[in-house]
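Chain residues, written in single-letter form:
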Amino acid sequence: LDNNIHTSLILYGHRWASTASEKSTSCEWVELAAAFSSDNKNAIVNTLSSQSPVGWTPIQKSLEMANEEIQKYSKQGDENIILLVSDGEETCGGDPVNIAREITSKNTNTYIDVIGFNVDGAIQEQLQNIASNGKGSYFNVKTRLDFENVFQKTQSFLEAKSCGASKSAIE
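Cut-offs and rules
- Residues numbered from 1 in each chain as written.
- Predicted model: local features only at pLDDT ≥ 70, side-chain atom pairs only at ≥ 80, totals over all residues.
- Heavy atoms only, no water.
- Helix = DSSP H or I, 4+ residues; strand = E, 2+ residues; numbered from the N terminus.
- Buried < 20%, exposed > 50% of the residue type's maximum accessible area, 1.4 Å probe, protein only.
- Areas by Shrake-Rupley, 256 points an atom, 1.4 Å probe, with all protein chains shown as cover.
- Pairing = 2+ DSSP bridges.
- Right-handed = clockwise from strand over helix to strand, strands pointing away.
- Axes fitted to C-alpha atoms, helices over the stretch in contact; angles between N-to-C directions.
- Parallel < 35°, antiparallel > 145°, perpendicular 65-115°, else oblique.
- Left-handed = near helix turned anticlockwise from the far one by under 90°.
- Contact = heavy atoms within 4.5 Å.
- Phe/Tyr/Trp six-rings, centres within 6.5 Å; stacked < 30°, edge-to-face > 60°.
- Lys NZ or Arg CZ within 6 Å of the ring centre and 35° of its normal.
- Polar contact = N/O pair within 3.5 Å; in protein donor to acceptor, adjacent residues only side chain to side chain.
- Core = buried A, V, L, I, M, F, W, Y, C linked by side-chain atoms within 4.5 Å.

### Focus on the overall build of the protein chain
- The number of helices and strands found in the protein chain is seven helices and five strands.
- Listing each helix as α and each strand as β along the protein chain from the N terminus yields β-α-β-α-α-β-α-β-α-β-α-α.
- In the protein chain, which comprises 171 residues, the proportion classed as buried is 37%.
- Entry remark: accessible area of the protein chain is about 9400 Å², with carbon and sulfur atoms responsible for 47%.

Below, the structure written as structure tokens:
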């Protein structure tokens, strides 16, 4: 990504096993792995390459943390995208569809795009509803190439936005 695009990385479901005895700990473990910055792309890639999903899925909590980060650093007029990547549905009792709606209704320049990794049925439906209520797009990916194509689309969107194009014009 272009260096004038600020990013951060929030991880969940990566520290504690998905056993019932570790559910409460796993559901609370949402981590800011790379702080909001324009020069953290290599750190994000390095962090992601060493992670594996092993725990529960606190999607609502991760969206709330992402929104907090945006609110700390975003300036008026900035366009913000939360890109949620998940291989499962919310499993920690949260309501990520409602929180997506709340975040984007309060912050009109914030969108929540969702990548569902190898999901279908009710899981895909929940992730699609998060994107829809987050004024964003949903992408279902099954392969590494699918994933790379989605990131290319996101990068193209961000580059067009930095040139002043509106979301509707880009779509």
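Now that the structure has been shown, the text picks up again.
### Overview of the pairing of strand E4 (residues 110-117)
- With seven of its eight residues buried, E4 lies for the most part within the structure.
- Here seven bridges tie strand E3 (residues 80-86) to E4, and the two strands are oriented parallel to one another. Paired with Leu84 across the two strands is Val114, which belongs to E4.
- With helix H4 (residues 96-106) bridging E3 and the parallel E4, this β-α-β connection has right-handed handedness.
- Note: E4 against strand E5 (residues 138-141), four bridges, orientation parallel. Its bridge partner lying in E5, Ile115 is registered against Phe139.
- At this point the chain moves from E4, through helix H5 (residues 121-133), to the parallel E5, and the crossover so formed is right-handed.

### Here's the deal with the packing of H4 against H5
- At a minimum axis separation of 8 Å, H4 and H5 run at an interaxial angle of 15°. Considering their axes alone, H4 and H5 lie roughly parallel with respect to each other. Crossing hand, H4 versus H5: right-handed. Residues Pro96, Val97, Ala100, Arg101 and Thr104 of H4 form the contact with H5, whose participating residues are Gln126, Asn129, Ile130 and Asn133.

### Focus on the packing of aromatic side chains
- As enumerated under the stated definition, the model contains two aromatic pairs in all.
- On the numbers, 5.9 Å between centres and 90° between planes, the contact of Phe117 with Phe147 is edge-to-face. Here Phe117, found in strand E4, pairs with Phe147, found in helix H6 (residues 144-162); they are 30 residues apart in sequence, far enough to count as distant.
- Taking relative accessible area as the criterion, Phe117 reaches 35% and is therefore assigned partly exposed.
- Note that Lys23 overlies the ring of Trp56, its terminal NZ or CZ placed 4.8 Å from the centroid.

### Digging into the side chain of Asn40
- For Asn40, the location among the structural elements is in the loop between strand E2 (30-37) and helix H2 (41-49).
- Of the polar contacts made by the side chain of Asn40, one reaches the side chain of Thr7; its length is 2.7 Å.

### Things to note about the nonpolar core
- In this structure, Leu63, Ile112, Val114, Leu127 and Ile130 are the most contacted members of the largest nonpolar core, which totals 20 residues.
- Secondary structure elements with two or more residues in this core: strand E1 (7-12), helix H3 (59-73), E3, H4, E4 and H5.
- When residues no more than four places from it in sequence are discounted, the contact partners of Leu63 are Ile82, Pro96, Ile99, Ile103, Ile112 and Ile130.

### Focus on unusual backbone geometry
- You will see that Asn118, though not glycine, has its phi angle at about 60°, which is positive.
- For Asn118, the location among the structural elements is in the loop between E4 and H5.
- The phi angle at Lys135 is positive, at roughly 55°, despite the residue not being glycine.
- Here Lys135 lies in the loop between H5 and E5.
- Judged by relative accessible area, Lys135 falls into the partly exposed class, the value being 34%.

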